[in-house]
Amino acid sequence: MTDRMYRIALASRPTGAPEAANFSYEEAPIPAPGPGEVLVRVHYMSLDPYMRGRMDDAKSYAAPVPIGGTMEAGGVGEVIASNDPGFAPGDFAFGMFGWATHGVQPGKMLRKIDPKVMPITTALGVLGMPGFTGWFGLLEHGRPKAGETLVVAAATGPVGSIVGQVARLAGLRTVGIAGGADKCRIATETFGFDACLDHRAYDSAADLRRALATECPDGIDIYFENVGGKVLEAVLPLMNNFGRIPICGMISWYNAGGLGAGASDPGLTGPAIWRSILVKFLSVNGFIISNHFDRYPAFLAEVAPKLASGEIRYLEDVAEGLENAPAAFMSMLRGGNTGKQIVKLI
């Protein structure tokens, strides 16, 4: 086994959309695990929109990646050395190893994965943080009821697809919004959405709103917020009284910098948003899934059997090689991925 590893570090902070120059591909010695720690050779790593926020030096729920620091990411791979009795060489584990071929973490921070039960990549998507995010946000803050109407954007992504499928199984009408006709076809044919609209086909929020009104004749009871921007502007006037909006992300604004604080959208003024919340008695809940991992076992108990039975489906978009992670990440932020974006390292 070589004694060298590779990682991708944050070389500079982006101003707007990330560029290749913001990343640095570096070689380093493989770290040795200390007491209670585990060394893992990462086979697959996750790419997620939240990582764009980590590139900004902005106050948030988590510290930004420092210049020169390894980009953050969850990964899954094989244990090659362990000083924790709960892990042995040959085991597979999930942990926050970053954009890197190897990582050391305390054993208590890792989750053991059984590759005989499910493909290990599912720990990064449908059975990992994104799937858990969709399940928790919908059930806890969406409070779905049979017969209601749900709208979710980024409908074929790992969060949106779980939201739509769990809502459909609960008896809701599910309307997805996605970028492109092919993704809309996947939303309806693979994930079972009742309808899906291509937001790129509409020049304005008003045009998208008219199309949404046709697909949501009884209004919208739950809008699972992943994107902000034009979609939010289209949805708000269609929300029913006592509607619920779980806020998971705002990907359309992330490249404005400051975790979206730099975005300017004249159709979404503070007074307009606040008035909609007031006069329609809306419940709007922001949440960060890392605050709720006490619910993760319940999520697995519900979703894993449905995945095994085929009631819930998933898609993965796999990039090859750590050196290609920046390009895959930048493409994902533009909507270039189909399904959960991961990077295969081995």
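Residues numbered from 1 in each chain as written. Predicted model: local features only at pLDDT ≥ 70, side-chain atom pairs only at ≥ 80, totals over all residues. Heavy atoms only, no water.

Considering unusual backbone geometry
Here arginine 143, not a glycine, exhibits a phi torsion of approximately 45 degrees, which is positive. Relative to the assigned elements, arginine 143 resides in the loop between α2 (129-142) and β8 (149-153). Given a relative accessible area of 35%, arginine 143 falls into the partly exposed group. Positive phi outside glycine occurs at phenylalanine 242, with the angle close to 65 degrees. Take phenylalanine 242: it is sitting in strand β12 (residues 239-247). Residue phenylalanine 242 is classed as exposed on the basis of its relative accessible area of 55%. (Helix = DSSP H or I, 4+ residues; strand = E, 2+ residues; numbered from the N terminus. Buried < 20%, exposed > 50% of the residue type's maximum accessible area, 1.4 Å probe, protein only.)

Notes on empty space enclosed by the protein
Per the counting criterion, the structure on display carries 1 cavity of 30 Å³ or more. Roughly 90 Å³ of internal volume is contained in the largest cavity. Val126, Pro158, Tyr314, Leu315 and Lys340 are the residues nearest the centre of the largest cavity, which is lined by 16 residues in total. For the lining of the largest cavity, the residue count by class is 6 nonpolar, 7 polar and 3 charged. In terms of domain composition, the lining of the largest cavity takes at least three residues from each of domain 1 (4-124 + 314-344) and domain 2 (129-289). (1 Å grid on protein atoms, 1.4 Å probe; cavity = no way out; pocket = protein on both sides within 12 Å on 5 of 7 lines; lining within 4 Å. Points joined across faces, edges and corners; volume = space filled by probe spheres on them. Nonpolar A, V, L, I, M, F, W, Y, C, P; charged D, E, K, R; others polar. Domains from an automatic or database assignment.)

Points about the packing of α2 against helix α9 (residues 296-309)
Relative orientation of the contacting elements α2 and α9 amounts to 100 degrees, with a least axis distance of 10 Å. Between α2 and α9, the angle is such that the two are roughly perpendicular. Contacts from Gly131, Phe132, Trp135 and Leu139 in α2 reach Tyr296, Ala298, Phe299, Glu302 and Val303 in α9. (Axes fitted to C-alpha atoms, helices over the stretch in contact; angles between N-to-C directions. Parallel < 35°, antiparallel > 145°, perpendicular 65-115°, else oblique. Contact = heavy atoms within 4.5 Å.)

Let's talk about the sheet that holds β12
Overall, parallel pairing links the 6 strands, which are arranged β10-β9-β8-β11-β12-β13 in an open sheet. Two strands close off the open sheet at either side, each with one partner strand: β10 (195-198) and β13 (283-286). Taken pair by pair, the neighbouring strands of this sheet meet at an average axis angle of 15 degrees, ignoring direction. Relative to strand β9 (residues 173-178), β8 runs parallel, the two sharing 5 bridges. Opposite threonine 149, over in β9, you have arginine 173 as the bridge partner. Seen against the sheet, helix α3 (residues 158-169) touches β8, β9 and β11 (220-224) and runs at an angle of roughly 170 degrees to β8. Of the strands in this sheet, β8, β9 and β10 touch helix α5 (residues 205-215), which is tilted by about 170 degrees from β10. (Pairing = 2+ DSSP bridges.)

Thoughts on the packing of aromatic side chains
By the definition in use, this model includes 15 aromatic pairs. Each ring, one from tryptophan 99 and one from phenylalanine 329, has its centre 5.5 Å from the other, and the planes form 75 degrees; the classification is edge-to-face. Note that tryptophan 99 is positioned in the loop between β5 (92-95) and β6 (102-106) and phenylalanine 329 in helix α10 (residues 325-333), a separation of 230 residues in sequence. The pair tryptophan 99 / phenylalanine 329 is uniform in exposure class, with both members buried. On the numbers, 5.9 Å between centres and 50 degrees between planes, the contact of phenylalanine 136 with phenylalanine 287 is tilted. Here phenylalanine 136, found in helix α2, pairs with phenylalanine 287, found in the loop between β13 and α9; they are 151 residues apart in sequence, far enough to count as distant. Phenylalanine 136 gets classed as buried once you look at its relative accessible area, which sits at 2%. For lysine 112, the ring lying beneath its charged end belongs to phenylalanine 87, and the centroid distance is 5.4 Å. (Phe/Tyr/Trp six-rings, centres within 6.5 Å; stacked < 30°, edge-to-face > 60°. Lys NZ or Arg CZ within 6 Å of the ring centre and 35° of its normal.)

Quick word on the nonpolar core
Ranked by size, the top nonpolar core spans 32 residues in total, and within it Phe132, Trp135, Leu138, Leu150, Val163 and Ile312 carry the most contacts. For this core, the element with the most residues is α3, which contributes 5 residues. With 30 residues, the next largest nonpolar core counts Leu47, Met51, Met71 and Ala93 among its residues. (Core = buried A, V, L, I, M, F, W, Y, C linked by side-chain atoms within 4.5 Å.)

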